[in-house]
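# Observations on the three-dimensional arrangement
Here is how the chains run, residue by residue.
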Amino acid sequence: MNTIYIRTLKRAEHTVFCVADGQKYYYDSQFNRRIPFSSGQQIKRSLIDSLCEAINQTPSPTTFLFDVNKQKELKEGEVYGTCDPTYADQLFGGWMKASKGGVERTLKRRSPLSISAMRALHPLLAGLEKEAGSFDRSERPNNVVIVRDEKGNQLNQEEIVSLLDGKDRSLSRKWLNASDRVAGLFVADLAIDLRRLFSVSINPFEPEMSESTIEKLKSEGWIESVNVFGPCLVAPKELREKWIKGLAKAIIDWRITSNQSRTFSLMDTLAISISDNANTIAGSIRAKLSEEDSKKADPIIDESLKGIDTFITLQAGGFIHTKGETADALEKAEQKLIELMMAFDYENQLVTA
């Protein structure tokens, strides 16, 4: 088995996945609905944050480059990481450091983790709703109210009272624009390429690291080997064992961490499926249109599919008809991931001629 596939089912309640420019969504033409989603990049960021916390490692530093032109103005330059796999976020997240002016070789490593967007289990099982709000401090007697005229001059109390005469307006309450809120059942898929997970290529024609980094890794016990992609360095066994446990925990525990305080949701996990078969794992957690009502869909967790391990939490029973929910479902899923990742022979991968 070279790849592990994982499907995660989560429940979101009255929350926001993205807050920079409002909630992201796509339009489903079959069911005529706006469907909220969280991008794979956002999930990756959340997963990597959970990983670094689990292994107690500070994420790698990021370099921000700026150029100054003749007018003494700052121009945006490149942004790149350390390109050093001794940082877990770099090893598992990948990197790209483009060459500028052909002075250095471009360094790039493809992440061994392929991550989908988190989207609705079915268009009828998740959606958006509008919420209007207010910032109300009208009950406080010590508020400071400043009103300025067209020239920027501050009005006194008498002038403010005169201005408000005949107007139904409060100066201690502001109405907020209506915002989208997310609720429903969502799935996200993850594929782990075990061949790349702890192996970093040292192919000089398509370099992933600088020569100085390669020599540093060798001095720290990284093992020279060969996999299907060519010559590589493999992380030492002690490091693999520690980081496998952290990665398994992160895969189970990740949640979107950018939602605001007033829209916090536990985003609890209802079920996780694990398999080496990409074609069948989608059927383990799915939805089916109701036979009685074409505008209704029923969520399904199939516990009987061959070659798939499905772990169902207790709270799943409140939303889906299941029989196998357990209190320790997530702990068992985490242990299953550890066993699968530990079992792979990273140092002696077979190379086909």
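Scroll up to find the structure.
Note that this is a predicted model, so its numbers are computed, not measured. (Residues numbered from 1 in each chain as written. Predicted model: local features only at pLDDT ≥ 70, side-chain atom pairs only at ≥ 80, totals over all residues. Heavy atoms only, no water.)

Attention shifts here to unusual backbone geometry. Residues other than glycine predominantly adopt negative phi, and peptide bonds predominantly adopt the trans conformation. In the Ramachandran plot, Asn 56 falls in the positive-phi region, its phi being about 60° despite a non-glycine side chain. Mapped onto the fold, Asn 56 is located in the loop between α1 (40–55) and β4 (63–68). (Helix = DSSP H or I, 4+ residues; strand = E, 2+ residues; numbered from the N terminus.)

Turning to the pairing of strand β17 (residues 297–301), a few remarks are in order. Burial along β17 is one-sided: the face carrying Ala 297, Pro 299 and Ile 301 is buried and the face carrying Asp 298 and Ile 300 is not. Examined bridge by bridge, strand β16 (residues 285–289) and β17 share five bridges and lie antiparallel to one another. In the strand pairing of β17, Leu 289 is matched with Ala 297. (Buried < 20%, exposed > 50% of the residue type's maximum accessible area, 1.4 Å probe, protein only. Pairing = 2+ DSSP bridges.)

Of all hydrophobic cores here, the largest spans 60 residues; its most connected members are Phe 92, Ile 192, Leu 197 and Met 341. Element by element, the count of residues in this core is highest for helix α6 (residues 237–253), at seven residues. Leaving out residues up to four positions away in the same chain, Met 341 has contacts with Ile 4, Ile 192, Leu 194, Leu 197, Ile 244, Leu 247, Ala 248 and Tyr 346. (Core = buried A, V, L, I, M, F, W, Y, C linked by side-chain atoms within 4.5 Å. Contact = heavy atoms within 4.5 Å.)

Relative to the helices and strands, Ser 39 is located in the loop between β3 (33–36) and α1. In contact with Ser 39, other than residues within four places in its own chain, are Lys 24 and Ala 117.

Proximity of charged atoms lets side chains of opposite charge pair with each other. Summed over the entire model, instances satisfying the criterion amount to 16 salt bridges. Between Arg 7 and Asp 189 there is a salt bridge whose closest N-O contact spans 2.8 Å. Of the two residues, Arg 7 is situated in strand β1 (residues 3–15) and Asp 189 in strand β11 (residues 173–193); the sequence distance between them amounts to 182 residues. Judged by its relative accessible area of 9%, Arg 7 is buried. With a shortest N-O distance of 2.4 Å, Asp 84 and Lys 216 are connected by a salt bridge. (Salt bridge = Lys/Arg side-chain N within 4 Å of Asp/Glu carboxyl O.)

The next subject is the sheet that holds strand β13 (residues 223–227). Taken together, three strands build an open sheet; the order of strands is β12-β14-β13 and the sheet is antiparallel. A single partner strand is all that each edge strand has here, and the edge strands are β12 (199–201) and β13. Strand-to-strand, the axes of this sheet are offset by a mean angle of 40°, without reference to chain direction. With five bridges connecting them, β13 and strand β14 (residues 230–234) associate as antiparallel partners. By the bridge assignment for β14, Ser 225 is matched with Cys 232. (Axes fitted to C-alpha atoms, helices over the stretch in contact; angles between N-to-C directions.)

Buried within helix α5 (residues 211–219) are the following residues: Thr 213, Ile 214 and Leu 217. On an axial view of α5, the arc spanned by its buried residues comes to 100°, and they lie on one face. Turned more than 90 degrees from where α5 packs its buried face, Glu 211, Ser 212 and Ser 219 sit exposed. Packed against the buried residues of α5 are β14. Positive backbone phi, approximately 95°, marks Gly 221, located one or two places after α5. (Arc of directions from axis to C-beta.)

It is worth spelling out the packing of aromatic side chains at this point. Both the distance between ring centres and the angle between the ring planes are used here to describe each pair of aromatic rings. Overall, the coordinates contain five aromatic pairs when judged by the stated rule. Seen from their ring centres, Phe 198 and Tyr 346 are 5.3 Å apart, and the 85° between their planes marks the pair as edge-to-face. Residue Phe 198 is located in the loop between α4 (194–197) and β12, and its partner Tyr 346 is located in the segment after α8 (329–343); the two are separated by 148 residues in the primary sequence. Members of the aromatic cluster, connected to one another through ring pairs, are Phe 92, Phe 198, Trp 243, Phe 344 and Tyr 346. Taking NZ or CZ as reference, Arg 196 lies 3.9 Å from the ring centre of Phe 229, over its face. (Phe/Tyr/Trp six-rings, centres within 6.5 Å; stacked < 30°, edge-to-face > 60°. Lys NZ or Arg CZ within 6 Å of the ring centre and 35° of its normal.)

Interaxial distance between α1 and α6 falls to 8 Å at its minimum, and their mutual angle equals 135°. When the axes of α1 and α6 are compared, the pair comes out oblique. The handedness of the crossing between α1 and α6 comes out as right-handed. Contacts from Leu 47, Ser 50, Leu 51, Ala 54 and Ile 55 of α1 reach α6 at Lys 242, Trp 243, Gly 246, Leu 247, Lys 249, Ala 250 and Ile 251. Partitioning the contact of α1 with α6 into residue classes produces eight nonpolar, two polar and two charged. (Parallel < 35°, antiparallel > 145°, perpendicular 65-115°, else oblique. Left-handed = near helix turned anticlockwise from the far one by under 90°. Nonpolar A, V, L, I, M, F, W, Y, C, P; charged D, E, K, R; others polar.)

These figures capture arrangement, not role.
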